[in-house]
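Results of the structural survey
Chain by chain, the residues run as shown.
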Amino acid sequence: MSTWDVKVETDIDAAPEVVWKILADFENWDDWHGPGIEIKQEAERPKQLIFHAGPLPVAINLSGVKVIDGTSIQWIGALPFSRSLLYGKRKLVVEAISKGSCRFTQEESFFGLLSPLFRKKLSKLYQKNYSRFNENMKSVAESQSNNRLHSDRFSAASRLQTG
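All of the points below concern the structure found in this document. Keep in mind that this is a model prediction, so the values were computed, not measured.

In this structure, Leu23, Trp29, Trp32, Trp75 and Phe104 are the most contacted members of the largest nonpolar core, which totals 32 residues. Within the residue set of this core, elements represented by two or more residues are strand S1 (6-12), helix H1 (16-23), strand S4 (56-68), strand S5 (72-78), strand S6 (87-98), strand S7 (101-111) and helix H3 (115-162). Ignoring any residue separated from it by four or fewer positions in sequence, one finds Phe104 in contact with Val8, Glu9, Thr10, Ile12, Val19, Leu23, Trp32, Leu92, Val93, Val94, Asn134 and Met137.

A word on the layout of surface pockets. Of the voids in this model, the largest pocket is the one considered here, and its volume is about 810 Å³. Leu49, Phe51, Ile60, Tyr126 and Asn129 are, among the 31 residues lining the largest pocket, the residues nearest its centre. Here the lining of the largest pocket gets 9 residues from one element, more than from any other, and that element is H3. Residue classes in the lining of the largest pocket are distributed as 19 nonpolar, 8 polar and 4 charged.

On to the pattern of salt bridges. In this structure the tally under the stated criterion is 7 salt bridges. Between Arg103 and Asp11 there is a salt bridge, and its shortest N-O distance comes to 2.7 Å. With Arg103 in strand S7 and Asp11 in strand S1, this residue pair connects regions lying 92 residues apart in the sequence. Given the relative accessible area of 24%, Arg103 is considered partly exposed. Close ionic contact of Lys138 with Glu142 constitutes a salt bridge, the shortest N to O distance being 2.9 Å. Taken together, the residues span about one helical turn, with Lys138 and Glu142 both in helix H3 at a distance of 4 residues. Here the salt bridges do not stand alone but share partners, grouping Lys7, Glu9 and Glu107 into one network.

Rules used throughout
- Residues numbered from 1 in each chain as written.
- Predicted model: local features only at pLDDT ≥ 70, side-chain atom pairs only at ≥ 80, totals over all residues.
- Heavy atoms only, no water.
- Core = buried A, V, L, I, M, F, W, Y, C linked by side-chain atoms within 4.5 Å.
- Buried < 20%, exposed > 50% of the residue type's maximum accessible area, 1.4 Å probe, protein only.
- Helix = DSSP H or I, 4+ residues; strand = E, 2+ residues; numbered from the N terminus.
- Contact = heavy atoms within 4.5 Å.
- 1 Å grid on protein atoms, 1.4 Å probe; cavity = no way out; pocket = protein on both sides within 12 Å on 5 of 7 lines; lining within 4 Å.
- Points joined across faces, edges and corners; volume = space filled by probe spheres on them.
- Nonpolar A, V, L, I, M, F, W, Y, C, P; charged D, E, K, R; others polar.
- Salt bridge = Lys/Arg side-chain N within 4 Å of Asp/Glu carboxyl O.

Structural data, given as structure tokens:
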């Protein structure tokens, strides 16, 4: 697919491996994706994404899940029993841009019979949400990267003092 309804790219001052580790940790997605998100898994792959719309939980069934380790996660998400009406194809990508930094991209396009009616509203909402999620990812990843760098420097200094 060459065009997306939503595309958010964020440059992060952390190695791609740091961002990938956070992204692939489905049990802790709420650390960066926001509170109340849950990813149910089957055979270590995402099967369902659950979030809250107000007080109500909303379950999105995930199919066609593709994980390219260290690089990307992709799926098709739809409400139960509504795939022909409205569904989205989402892709999350981590790519190196220089030593010690990477770009995190989230993309989504909408399909189905109702997509022409909802595409503009969903695109605007998702653009806003994905921008916030990407900024959260940037904050978490850069914090972890800085903690690791500080820990590595402390270990090296300790070795010098004892050696």
